[in-house]
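If you want the building blocks of each chain, they are given just below.
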Amino acid sequence: MLDDLILGMAGAGGDGVVSAGESLLSAASSEGYHALMTKSFGSQIRGGESSCRVRLSTKKVLNPGGALDVMVALNWEDFFKFGAELPLSVNTVLIYEEKAGPPPETLAARGVVPKELVPVGITELTKKSAGSDKAKTSVVLGLLSGWFGIPSEAITRGLKKKFGNKGEGLLEANEKALAVGIDYAKAHPLQAPHVIAKPAGTPGSKMLCDGNDMCAAGALFAGVKFFGGYPITPSTEVMQTLTREIWKYGGTVLQCEDEIAGLGATVGASFAGKKSMSATSGPGMDLKTEILGLATIAELPLVLLNVQRGGPSTGLPTKPEQGDLFQAAFSGHGDVLRPVLAPTDVEDTFRTTVECFNIAEQFQTPVILLSDQEIAQRKEAVDLIDTSKMEIIERRVPTEAELAAKPYARFALTESGVSPITHPGLKGGTYLAAGIEHNEKGDPTSSGAMHAKMNAKRFRKLEPLKKRADLFEVQGNPNAALGLIAWGSTAGVAREAVQLAKAEGHDVKLLVPYLLYPIAEQVYANFFESLKHGLIVELSHQGQLYRILRMFTEVPKGVRSFTRDGANPFQPIELVKTLVELKGLPS
Amino acid sequence: MNAPLFQAKDYKSELKPIWCPGCGDFGVLQGLYRALSAIGRPPHEVAFISGIGCSSRIPGYTTAYGFNTVHGRSLPIAQGVKLANPELLVVIAGGDGDGFSIGGGHVAHAVRRNIDLTYLVMDNQVYGLTKGQLSPTSPKGLETVTSPLGSLEDPINPLLYMLAYGAGFVAQATPADMPGMSALIEEAIRYPGFSFVNIQSPCVTFGEDEQQLKAHKGKMKTLASLGHDSTNQLAAMDLARAYGKELYTGVFYKNPNPPPTYESLVKLRQAEQSKKARARHQILEAYLQK
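Residues numbered from 1 in each chain as written. Chains lettered and ligands numbered in written order. Predicted model: local features only at pLDDT ≥ 70, side-chain atom pairs only at ≥ 80, totals over all residues.

## Examining the overall build of chain A
So, point 1. Counting its regular elements, chain A contains 20 helices and 21 strands.
So, point 2. Its C-alpha atoms give chain A a radius of gyration of 26 Å, near enough to 25 Å, the size a compact globule of 587 residues would have.
So, point 3. The dimensions of chain A, computed from C-alpha atoms along their principal axes, are 85 × 65 × 40 Å.
So, point 4. Across the 587 residues that make up chain A, the buried fraction comes to 55%. (Helix = DSSP H or I, 4+ residues; strand = E, 2+ residues; numbered from the N terminus. Rg over C-alpha atoms; globule rule 2.2 N^0.38 Å. Buried ≥ 20, exposed ≤ 12 C-beta atoms within 10 Å, placed from the backbone.)

## What about the overall build of chain B?
So, point 1. Of the regular secondary structure elements, chain B holds nine helices and ten strands.
So, point 2. Expected size for 290 residues packed as a compact globule is a radius of gyration near 19 Å; at 20 Å, chain B falls within 12% of this value.
So, point 3. Its C-alpha atoms give chain B principal-axis dimensions of roughly 75 × 50 × 40 Å.
So, point 4. Expressed as a percentage of its 290 residues, the buried residues of chain B come to 53%.

## Comments concerning the interface of chain B and chain A
So, point 1. Taken together, the contact pairs 45 residues of chain B with 58 residues of chain A.
So, point 2. Those elements giving two or more residues to the side of chain B that touches chain A turn out to be β2 (65-68), α2 (74-84), α4 (104-113) and α9 (262-273) of chain B.
So, point 3. Among the elements that make up the side of chain B that touches chain A, the one with the highest residue count is α2 of chain B (eight residues).
So, point 4. Of the residues contributing to the side of chain B that touches chain A, the split by class is 21 nonpolar, 17 polar and seven charged.
So, point 5. For strand β15 (residues 432-434) of chain A and β2 of chain B, the ladder comprises three bridges, and the chain directions are parallel. Residue pairing in the sheet places Ala 433 of chain A in a bridge with Phe 67 of chain B of β2 of chain B. (Contact = placed C-beta atoms within 7 Å. Nonpolar A, V, L, I, M, F, W, Y, C, P; charged D, E, K, R; others polar. Pairing = 2+ DSSP bridges.)

## A look at the sheet that holds strand β4 (residues 118-123) of chain B
So, point 1. Pairing is mixed in the open sheet, where nine strands are placed in the order β15(A)-β2(B)-β1(B)-β3(B)-β4(B)-β8(B)-β7(B)-β10(B)-β9(B). Either end of the sheet is taken by a strand with one partner, and the two such strands are β15 of chain A together with β9 (221-222) of chain B.
So, point 2. Two strands pair when backbone bridges link them, and β4 of chain B and strand β8 (residues 195-200) of chain B are joined in this way by six bridges, in the parallel orientation. By the bridge assignment for β8 of chain B, Val 121 of chain B is matched with Asn 198 of chain B.
So, point 3. Against the sheet, α2 of chain B contacts β1 (46-50), β2 and β3 (89-95) of chain B, and its axis sits at roughly 175° relative to β3 of chain B.
So, point 4. Taken strand by strand, helix α5 (residues 158-165) of chain B contacts β4, β7 (169-173), β8 and β10 (248-254) of chain B, and its axis lies near 170° from that of β7 of chain B. (Axes fitted to C-alpha atoms, helices over the stretch in contact; angles between N-to-C directions.)

## A closer look at the nonpolar core
So, point 1. Leu 484 of chain A together with Val 81, Val 170 and Phe 252 of chain B are the most contacted members of the largest nonpolar core, which has 245 residues in total.
So, point 2. Apart from the residues within four sequence positions on either side, Leu 484 of chain A is in contact with Ala 494, Ala 497, Val 498, Val 508, Leu 510, Gly 534, Leu 535, Val 537 and Leu 575 of chain A. (Core = buried A, V, L, I, M, F, W, Y, C linked by C-beta atoms within 7 Å.)

## Digging into the environment of Pro 4 of chain B
So, point 1. Along the chain, the position of Pro 4 of chain B falls in the segment before α1 (24-39).
So, point 2. Separated by 35 residues in sequence, Pro 4 of chain B and Ile 39 of chain B place their C-alpha atoms 8.8 Å apart.

## Details of the domain arrangement of chain A
Residues and elements named next belong to chain A.
So, point 1. Splitting chain A by domain gives domain 1 (4-204), domain 2 (208-383) and domain 3 (468-583).
So, point 2. Contact residues are listed per partner, giving eight residues for domain 1 and nine residues for domain 3.
So, point 3. Residues that form the side of domain 1 that touches domain 3 fall into these classes: five nonpolar, two polar and one charged. (Domains from an automatic or database assignment.)

## Some words on unusual backbone geometry
Residues and elements named next belong to chain A.
So, point 1. Thr 233 connects to Pro 234 through a cis peptide bond whose omega is 0°.
So, point 2. Within the secondary structure layout, Pro 234 lies in the loop between β8 (226-229) and α9 (236-245).
So, point 3. A cis amide bond, omega 0°, links Tyr 517 with the succeeding residue Pro 518.
So, point 4. Its place among the elements puts Pro 518 in the loop between β19 (515-517) and α18 (521-529).

## Re the sheet that holds strand β18 (residues 508-513) of chain A
Residues and elements named next belong to chain A.
So, point 1. With mixed pairing, the five strands of this open sheet are ordered in space as β16-β18-β17-β20-β21. Single-partner strands in this sheet number two, and they are β16 (472-475) and β21 (559-563). Strand-to-strand, the axes of this sheet are offset by a mean angle of 20°, without reference to chain direction.
So, point 2. Relative to β18, β16 runs antiparallel, the two being bridged by four bridges. By the bridge assignment for β18, Val 474 is matched with Leu 511.
So, point 3. Packed on one face of the sheet, helix α20 (residues 572-583) meets β17 (482-486), β18, β20 (533-538) and β21 and runs near 150° to β20.

## A few points about the pairing of β3 of chain B
Residues and elements named next belong to chain B.
So, point 1. With seven of its seven residues buried, β3 lies for the most part within the structure.
So, point 2. With five bridges joining them, β1 and β3 adopt parallel strand pairing. Residue Ile 49 lies in a different strand from β3, and its bridge partner there is Ile 92.
So, point 3. Sheet analysis places β3 next to β4, joined by five bridges and oriented parallel. Bridged to Ala 93 within β4 is Leu 120.

## With respect to the packing of helix α1 (residues 17-31) of chain A against helix α5 (residues 136-148) of chain A
A pair of packed helices is captured by two measures, namely the crossing angle of their axes and the spacing between those axes.
Residue and element names in this part refer to chain A.
So, point 1. At a minimum axis distance of 10 Å, the contact between α1 and α5 shows a crossing angle of 40°. On the basis of the axis angle, α1 is oblique to α5. The two elements α1 and α5 cross, and the hand of that crossing is right-handed. Of the residues in α5, those in contact with Val 17, Ser 19, Ala 20, Ser 23 and Leu 24 of α1 are Thr 137, Val 140, Leu 141 and Leu 144. (Parallel < 35°, antiparallel > 145°, perpendicular 65-115°, else oblique. Left-handed = near helix turned anticlockwise from the far one by under 90°.)

## Examining α1 of chain B
Residues and elements named next belong to chain B.
So, point 1. Counted at 1.5 Å a residue, the expected span for α1 with its 16 residues is 22 Å, and the 23 Å between its end C-alpha atoms agrees.
So, point 2. All buried positions along α1 are accounted for by Gly 24, Asp 25, Gly 27, Val 28, Leu 29, Gly 31, Leu 32, Tyr 33, Arg 34, Ala 35 and Leu 36.
So, point 3. Considering only its buried residues, α1 is in contact with β1, β4, α6 (178-190), β8 and α7 (213-219).
So, point 4. Of the residues trailing α1, Gly 40 is marked for its positive phi of about 85°. (Expected span 1.5 Å × (residues − 1).)

## Here we look at the confidence of the model for chain B
So, point 1. Within chain B, residue pLDDT values average 96, and 99% of them lie at 70 or more.
So, point 2. As scored by the predictor, the complex reaches a pTM of 0.95 and an ipTM of 0.97. (pLDDT = per-residue confidence, 0-100.)

## Examining the pairing of β20 of chain A
Working note: regular strand, side chains alternate between the two faces of the sheet.
All names here are of chain A.
So, point 1. Burial analysis of β20 places six of its six residues in the buried class, the great majority of the element.
So, point 2. The alternating pattern of β20 places His 533, Leu 535 and Val 537 and Gly 534, Ile 536 and Glu 538 on opposite faces, both of which are buried.
So, point 3. Bridge count for β17 against β20 is five bridges, and the pairing is parallel. Across the sheet, the residue bridging to Leu 482 is His 533, located in β20.
So, point 4. Alignment of β20 against β21, held across five bridges, turns out to be parallel. Directly across from Val 537, in β21, lies its bridge partner Phe 562.

## Examining the packing of helix α8 (residues 211-222) of chain A against α9 of chain A
Residue and element names in this part refer to chain A.
So, point 1. Where α8 contacts α9, the two axes come as close as 8 Å, and the packing angle between them is 40°. It follows that α8 is oblique to α9 by the angle criterion. In terms of crossing hand, the pair formed by α8 and α9 is right-handed. For the pair α8 and α9, the contacting residues are Asn 212, Asp 213, Cys 215, Ala 216, Ala 219 and Leu 220 in the first and Glu 237, Val 238, Thr 241, Leu 242 and Glu 245 in the second.
So, point 2. Here the contact of α8 with α9 is composed, by residue class, of six nonpolar, two polar and three charged.

## Some points on the environment of Pro 518 of chain A
So, point 1. Overall, Pro 518 of chain A belongs to the partly exposed group, with 17 C-beta atoms counted inside 10 Å.
So, point 2. It is 32 Å that separates the C-alpha atoms of Pro 518 of chain A and Lys 577 of chain A, two residues lying 59 residues apart in sequence.

## Observations concerning the environment of Leu 300 of chain A
Residues and elements named next belong to chain A.
So, point 1. Its location among the elements puts Leu 300 in the loop between α11 (282-297) and β11 (302-308).
So, point 2. Classification of Leu 300 by C-beta neighbours within 10 Å gives buried; the count is 24.
So, point 3. Remark: the alpha-carbon pair of Leu 300 and Val 90, spanning 210 residues in sequence, is separated by 56 Å.
So, point 4. Excluding its chain neighbours within four sequence positions, the residues that come into contact with Leu 300 are Val 267, Ser 270, Phe 271, Ala 295 and Gln 364.

Next up, the structure:
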């Protein structure tokens, strides 16, 4: 019995492989499995190639995993469009549509040919059972259920949910196709069985969601009252969810005419005293930069989500990349310090979103929530998050009595750097918010002396963030000579790599920063102290965190940048191999 | 008659305007104080939003809340303010370059959403703050530092734009007629929906002679004196075509049946949807997979 199973499917856009993956995921999660699904398409609106990966486990799933245990190819051409996203090993069970013919030579050219190749007349079986080839993926689901032990009752429940209201005929056809798939699998056993064990969790206890869902839910939980945005892949789902939900909680969503207006309306709502957010991806970040500077100098709280995709420009709109860290930390003119936080998985996106709102409101600053396409759009079955102990920070607004006691200075040069903030409607608290430099009262100034004081204040107020141990995950033996640093979606790969390394007898420690900027120098200095060798793992060409760390910290010589360009995901095992190779080298 | 709750001076801040002596914006500011006094909302319930430019300095010269934002973005920012707190009186002030050049893309959308905002454009046909460049309302042929051989472009017609986008209240004023201008600003603020007043506010330093207040006095004609019916949108458009040639003042168009504002529709939606709210700690249960 296996406790972990990684499946991949690829086909043409209309084949429904993503939808089949979703059915599988839904079935698995309702049974109590931990599960994770990533999908990958060309950027066509309809048609083109599409694929998905589903990882089922009896334990928490840390990342999409490495080489596939099972691959279903509905045709070869579309399968080959997904290189590193659908990696095979000799142990992969490669199931393919019989009429597509045996694997072409391209497969061998990619390096690995699986031992077990299983041609199935999927289209034939579908036509025979369902009467048309529309229910192809239900046959596939049947095969997967029969061969790998995924409970068919749960799949049937999923089919009912999906097709139940689309006419009796469709549901029946899919149910028949499923049954045929199951029977076929039973009649044609695999050489090596790959049956997954029953999950320990109670059925019905798992949430099924993606990172964008958890961002929207986190925002609602934190009490967001305004969202201004503009549709952009791969962040749009956050606006879509909020515009369904926010009214229930007394809030408003404004779909604006452009990215600039989206963040403009958001900063306006924050000025008016409300918890506000916007969401976008790289190209939108470019356009929003000027308003971000305004929010920094006017010291107005807001949260801006950037779901990173491949760049520059339109780049790879549907694929992940960790190429926007420089932008998040440094974009915009002037001396600016603004917090950047990154969630590391779907579940974590909830917590990190709430954290961003807390930091924004507490320190009166825009905060960048730096997610990426993989986290944002991968669906996961995870345990329900316990929110009972989660703290929510509200903006500290002076009372009218406090305001009446002494003249109000919106930008008072306090020791902490945080000044009392009012909002329109509050008696005694009127002031001028502005993009222009100002004195303590808020009146415009061009004094160099005052500018220096205000800059110092705006930097000083964020210092406490660097001391927040809960914004960093440090795992493993503090004296380990080997270490990994990873952030965002890459963190999940690093977490699994640490486990694999441990199983192989290597002592590897791990640092995952949730707070990416400002750089907490001491946290890194402590981590580096025992390291002889280490990798800073990033899905980008340059390795942007590595380069920022070299600006702010003393990175030991043995710690190197380990990068790959976007849309070419890492596998946990390669991190382990690379570390082990390094181990033998002098530091 | 009772004395007003707030006098014009109650809206005046201690900050001294940076404008050149004789600038039209002084008059606009005075007219604004008067209009606010007539309306009588306390300064802390008023928010002035502006972009960048000479006229965009206005928020700082009032005792109300102010947000002097970035170039061209006052309209979306003001919409966020008003939607976050519909109880506020929100006025946007800016120039022709701020509103119709760098911020031009926002105008149509601000109008079509019909949020109860009042947009005052101080139109001086030139960029004053950056010292005299061509603006989107500069007349064709105008010689400026960025058009030393004369402008090759036709100007934008702000009045016709606003009418075509469907604004419910469109007027034009000049500080040369102080009582008329402050009455128009007041009427615009009172209009329940998006309202626009184009104020011909001369640039005393870089403007042409015929655009100065003195010239306005001889040139201006009230729309009332022409017998214009301000509920007639087509007639309003016809008269608005004279922008740049004639100086008509008064209300071009005022929708006699103002449609519901965006924020009133939001309020209805919130009331209806609030029944479906989950307790904070149950929000995530929506994602449970049964």
